Amino acid sequence: MRAVRLVFVAYLVAIVAGIGAYFVVGLLGL
Amino acid sequence: VRRVLRENGLGLFFLGIFLATLLGQALVGHADFNHRQRAHHDEPVSLGRYVLSSDFGVDVLENWQSEYLQFTLYVLATVWLLQRGSPESKELDRAGRESDADQRVGRHATKSSPRWARAAGWRRAVLSNSLVLVMATIWLGSWAVQSVTGRAAYNAEQFDHQEAGVGWLGYLGTADFWNRTLQNWQSEFLAVGSMAVLSIYLRQRGSPESKPVGAPHDATGVEG
């Protein structure tokens with residue numbers, strides 16, 4: 001189950017990182 | 001390693017092709033952006049600069065939000081709405097949130113149930129709705145960021161043509177925002193409805209998204 005948990009976390013990290021990064025990009029007007 | 005790959009093939013395969021196609025989108029989006037820059041007699045930008053731009057961000061996020069809206073709605077709608085003959089639907093007598101016994105919560109929880117399935121109050125409520133809660137949060141978050149990056153890209157275009165920019169609330173009322181939003185929503189809703197309806201008469205042998213090949217067309221809620 002450790003690998004399963006890792007895949008689960010990888011998805012969440014990718015999603016949160018994407019949304020967070022482009023929130024900053026948009027706010028800064030880049 | 002082989003066992004890890006076998007047991008996580010679905011998640012890893014889609015994560016892999018997601019990253020590959022995102023890279024592809026960045027490369028061709030960059031080429032397209034610079035093509036437009038030259039047409040406007042503006043300086044081309046580097047790939048790194050393009051990837052960290054609102055232009056790229058809004059193109060990515062407008063698609064994300066619609067996918068998460070689609071699945072949020074699908075998960076929610078299939079609680080109450082049925083489709084006779086579809087493996088995507090529950091059996092015709094099971095519409096609704098079902099009994100605690102059916103859902104194995106509270107005193108019906110088994111030894112292997114998640115701990116919060118046995119708990120009472122808010123913990124059980126959170127676990128019982130966690131998929132929709134997280135999917136809806138991602139939808140709203142990515143839709144909000146679509147609006148923030150969309151506004152920045154829209155204003156850059158406006159300034160390029162010596163026109164006034166808009167505030168964030170103003171952008172939410174533009175045709176640009178709703179055109180980006182609705183062109184994605186319509187395709188998702190068609191695709192999801194197609195899955196529910198086409199799978200009544202069509203089959204894919206071996207797929208859990210399909211009924212077994214020999215299952216009758218009017219069998220509802222039977223997964224392969």
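None of these values were measured; they are calculated from a predicted model. (Residues numbered from 1 in each chain as written. Chains lettered and ligands numbered in written order. Predicted model: local features only at pLDDT ≥ 70, side-chain atom pairs only at ≥ 80, totals over all residues. Heavy atoms only, no water.)

**Considering the nonpolar core**
One broad trend across soluble globular proteins is that nonpolar side chains are buried collectively. Among the nonpolar cores identified, the biggest contains 21 residues, and Ile19 and Tyr22 of chain A together with Phe56, Leu61, Tyr68 and Trp139 of chain B are the most heavily contacted of them. Looking at this core, the elements with two or more residues in it are helix H1 (2-27) of chain A together with helix H2 (9-39), helix H4 (54-80), helix H8 (130-160) and helix H10 (175-201) of chain B. At six residues, the largest contribution of residues to this core is made by H4 of chain B. Not counting the four nearest positions on each side in its chain, Tyr22 of chain A is found in contact with Val51, Ser53, Phe56, Gly57, Leu61, Val145 and Thr149 of chain B. (Core = buried A, V, L, I, M, F, W, Y, C linked by side-chain atoms within 4.5 Å. Buried < 20%, exposed > 50% of the residue type's maximum accessible area, 1.4 Å probe, protein only. Helix = DSSP H or I, 4+ residues; strand = E, 2+ residues; numbered from the N terminus. Contact = heavy atoms within 4.5 Å.)

**Here we look at the packing of aromatic side chains**
Residue and element names in this part refer to chain B. With the rule as written, the count across this model stands at 15 aromatic pairs over all chains. Pairing Trp116 with Trp122 gives two aromatic rings, centres 5.4 Å apart and planes at 75°, and the pair type is edge-to-face. According to the relative accessible area criterion, Trp122 is exposed, its value standing at 58%. (Phe/Tyr/Trp six-rings, centres within 6.5 Å; stacked < 30°, edge-to-face > 60°.)

**A word on the layout of surface pockets**
To find leftover empty space, a probe the size of one water molecule is rolled over the atoms. Quantified by volume, the largest pocket comes out at close to 1,900 Å³. Together, 44 residues line the largest pocket, and Tyr11 of chain A together with Phe14, Tyr68, Phe71 and Met135 of chain B are the ones closest to its centre. At the level of secondary structure, the elements contributing two or more residues to the lining of the largest pocket comprise H1 of chain A together with H2, H4, H8 and H10 of chain B. Sort the elements by how many residues they give to the lining of the largest pocket and H4 of chain B lands first, with 11 residues. Classifying every residue of the lining of the largest pocket gives 28 nonpolar, 10 polar and six charged. One number sums up the size of the second largest pocket: a volume of about 890 Å³. (1 Å grid on protein atoms, 1.4 Å probe; cavity = no way out; pocket = protein on both sides within 12 Å on 5 of 7 lines; lining within 4 Å. Points joined across faces, edges and corners; volume = space filled by probe spheres on them. Nonpolar A, V, L, I, M, F, W, Y, C, P; charged D, E, K, R; others polar.)

**A word on the pattern of salt bridges**
Residues and elements named next belong to chain B. By the definition in use, this model includes 10 salt bridges over all chains. For Arg180, the salt bridge is made with Glu62, and the minimal N-O distance between the two is 2.4 Å. Taken as a pair, Arg180 in helix H10 and Glu62 in helix H4 lie far apart in primary sequence, 118 residues in all. As far as the burial class goes, Arg180 and Glu62 line up, both buried. Arg94 is the partner of Glu91 in a salt bridge, and the nearest nitrogen-oxygen pair spans 2.7 Å. Counted as one network, the salt bridges with shared partners bring together Asp59, Glu62, Asp176 and Arg180. (Salt bridge = Lys/Arg side-chain N within 4 Å of Asp/Glu carboxyl O.)

**A closer look at the packing of H1 of chain A against H8 of chain B**
Contact pair H1 of chain A / H8 of chain B: the axes reach a minimum separation of 8 Å and the direction vectors enclose 25°. It follows from the interaxial angle that H1 of chain A and H8 of chain B lie roughly parallel. Of the two elements, H1 of chain A crosses H8 of chain B, and the hand of that crossing is left-handed. Every residue of H8 of chain B that contacts H1 of chain A at Ile15, Ile19, Tyr22, Phe23, Gly26 and Leu27 of chain A is listed here: Ile138, Gly141, Ser142, Val145, Val148, Thr149 and Ala152 of chain B. (Axes fitted to C-alpha atoms, helices over the stretch in contact; angles between N-to-C directions. Parallel < 35°, antiparallel > 145°, perpendicular 65-115°, else oblique. Left-handed = near helix turned anticlockwise from the far one by under 90°.)

**Brief notes about the interface of chain A and chain B**
Contacts between chain A and chain B engage 16 residues on the former and 23 residues on the latter. Counting each side, the surface lost to burial between chain A and chain B is near 1,600 Å², with a carbon and sulfur contribution of 77%. Taken together, the links from chain A to chain B amount to zero salt bridges. Where chain A touches chain B, the interface holds four residue pairs in polar contact (both at pLDDT 80 or more). Per-class residue counts for the side of chain A that touches chain B are 13 nonpolar, three polar and no charged. (Buried area = accessible area lost by both parts, 1.4 Å probe. Polar contact = N/O pair within 3.5 Å; in protein donor to acceptor, adjacent residues only side chain to side chain.)

**As for a nonpolar patch on the surface**
Among the surface-exposed residues, Phe8, Val9, Leu12 and Val13 of chain A together with Trp116, Trp122, Val126, Leu127, Leu133 and Val134 of chain B lie close enough to one another that they form a single nonpolar patch of about 910 Å² accessible area. Looking at the nonpolar patch, the elements with two or more residues in it are H1 of chain A together with helix H7 (122-128) and H8 of chain B. Looking at the nonpolar patch element by element, the count peaks at four residues for H1 of chain A. In this structure, Leu127 of chain B sits in helix H7. (Patch = residues over 30% accessible without salt bridge, like charges linked within 9 Å, V, L, I, M, F, W, Y side chains within 5 Å. Areas by Shrake-Rupley, 256 points an atom, 1.4 Å probe, with all protein chains shown as cover.)

**Quick word on the packing of H4 of chain B against H8 of chain B**
All names here are of chain B. Two elements in contact, H4 and H8, have axes separated by 7 Å at closest approach and are oriented at 155°. Classified by the interaxial angle, the pair formed by H4 and H8 is roughly antiparallel. For H4 against H8, the interelement crossing comes out left-handed. Residue composition of the contact of H4 with H8, grouped by class: 18 nonpolar, eight polar and two charged.

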